[in-house]
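Descriptive analysis of the structure
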Amino acid sequence: MRRRCGTAMPNLILGTAVNLPVPQLMPFVKSWQQHCGDATCALLVAPNEDADKIAWLRAEEVLLVHWCSLYFIQTRLHNSRYIRYLEFLLDNPEHERVFLTDVSDVIFQGDIFDTVPQPGLHVFREDHRYTLGSQPLNASWITANYGTQGLQQIAHQPILCSGTTLGDQGSIVNYITCLLQERSPAQFAALGGREDDQAPHNWIVHQGKV
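Let me begin by describing the structure that accompanies this report. Quick caveat: nothing in here was measured; it's all calculated off a predicted structure.

1. Some points on the pairing of strand β2 (residues 40-45)
Across the six residues of β2, six count as buried, placing the element largely inside the fold. Neither face of β2 is open: one carries Thr40, Ala42 and Leu44, the other Cys41, Leu43 and Val45, and all of them are buried. Where strand β1 (residues 11-16) lies against β2, five bridges are found, and the strand directions are parallel. Bridged to Leu14 within β2 is Ala42. One crossover worth recording links β2 to the parallel strand β3 (residues 63-66) by way of helix α2 (residues 51-59), and it is right-handed.

Pasting the structure below:
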């Protein structure tokens, strides 16, 4: 059973469909329906999306979350998406658990809510062969946000993926709030629109802020 209009569902999958065409969305949506169909799937969409794409998402029973402020925020959507996520969650507090996820490179192979059923915040590790300090891209993201001294503090830590984060709704709201507090709008603009949300994601977890 998938989400029906006006019917609250206990679990929520929350992602971003902006700039993604239907063929790129299809594996994510179809695998959600197959493995996590009891959860609501809500995706952010921009004001000027293709009408056929919107029609397809509605036909697949995806909950559309309109994101009209997207073009007024001076950073890449990897960073700004959390602002709209937080607004949506505060307006819709009824979900038991929330899975924040990338869309274009994620396919469900089972029900994520059954796999990690416990409350609290759950983050997921990337390639175990590398640490934050030994992987150049992640090291550059940390350095740009926290300087060389900041990198030294967590260089030995494993790389945590910002593309998938799971938790009960309260833990996810607290996580996003903490994540956004790491950077100001001026910092967003100064960093040149880098897709570097993985830097504060790793920082707040490894520094015990969440």
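2. Some remarks on the pattern of salt bridges
Pairs can form between side chains of opposite charge once their charged atoms are near each other. By the definition in use, this model includes nine salt bridges. The partner of Glu195 in a salt bridge is Arg76, with the nearest N and O atoms 2.7 Å apart. Taken as a pair, Glu195 in the loop between α7 (185-190) and α8 (198-206) and Arg76 in the loop between β3 and α3 (77-91) lie far apart in primary sequence, 119 residues in all. Lys209 is the partner of Glu182 in a salt bridge, and the nearest nitrogen-oxygen pair spans 3.0 Å. Remark: Lys209 occurs in the segment after α8 and Glu182 occurs in the loop between α6 (169-181) and α7; sequence separation between them is 27 residues. Residue Glu182 is classed as buried on the basis of its relative accessible area of 16%. It is possible to trace a salt-bridge network through shared partners that takes in Arg81, Asp102 and Asp197.

3. Considerations on α2
Along α2, the residues that are buried comprise Lys53, Ile54, Trp56 and Leu57. Angularly, the buried residues of α2 cover 160 degrees about the axis, an arc narrow enough to put them on a single face. Summarising the geometry of α2, the exposed residues directed more than 90 degrees from the buried face are Ala51, Asp52, Arg58 and Ala59. Here the buried face of α2 lies against α1 (22-35), β2 and β3. Positive backbone phi, approximately 70 degrees, marks Glu61, located one or two places after α2.

4. Some thoughts on the sheet that holds β2
Strands sit in the order β3-β2-β1-β4-β6-β5 across an open sheet of six strands; the sheet is mixed. In this open sheet, the two strands that pair with only one neighbour each are β3 and β5 (121-125). Strand-to-strand twist in this sheet, taken as the mean axis angle between neighbours without regard to direction, amounts to 20 degrees. Taken strand by strand, α1 contacts β1, β2 and β4 (97-101), and its axis lies near 160 degrees from that of β2. Across the face of the sheet, α6 comes into contact with β4, β5 and β6 (160-168) while running at roughly 140 degrees to β6.

5. Thoughts on unusual backbone geometry
Positioned with a positive phi, Asn19 is a non-glycine residue whose angle comes to about 70 degrees. One can find Asn19 in the loop between β1 and α1. Positive phi is not limited to glycine here, since Glu61 has a value of about 70 degrees. With respect to the element layout, Glu61 can be found in the loop between α2 and β3.

6. Points about the environment of His95
Position of His95 relative to the elements: it lies in the loop between α3 and β4. Residue class for His95 comes out buried when judged on its relative accessible area of 8%. Side-chain polar atoms of His95 contact the backbone oxygen of Asn92, separated by 3.4 Å.

7. Quick word on the packing of aromatic side chains
Counting across every chain of the model gives four aromatic pairs. Between Phe28 and Phe108, the aromatic rings sit 5.3 Å apart at their centres with planes inclined by 50 degrees, giving tilted as the arrangement. Of this pair, Phe28 sits in helix α1 while Phe108 sits in the loop between β4 and α4 (112-115), placing them 80 residues apart in sequence. There is no split in this pair, since Phe28 and Phe108 are both buried. Among the aromatic side chains, those forming a connected cluster through ring pairs are Phe28, Phe99 and Phe108.

Cut-offs applied
- Residues numbered from 1 in each chain as written.
- Predicted model: local features only at pLDDT ≥ 70, side-chain atom pairs only at ≥ 80, totals over all residues.
- Heavy atoms only, no water.
- Buried < 20%, exposed > 50% of the residue type's maximum accessible area, 1.4 Å probe, protein only.
- Helix = DSSP H or I, 4+ residues; strand = E, 2+ residues; numbered from the N terminus.
- Pairing = 2+ DSSP bridges.
- Right-handed = clockwise from strand over helix to strand, strands pointing away.
- Salt bridge = Lys/Arg side-chain N within 4 Å of Asp/Glu carboxyl O.
- Arc of directions from axis to C-beta.
- Contact = heavy atoms within 4.5 Å.
- Axes fitted to C-alpha atoms, helices over the stretch in contact; angles between N-to-C directions.
- Polar contact = N/O pair within 3.5 Å; in protein donor to acceptor, adjacent residues only side chain to side chain.
- Phe/Tyr/Trp six-rings, centres within 6.5 Å; stacked < 30°, edge-to-face > 60°.

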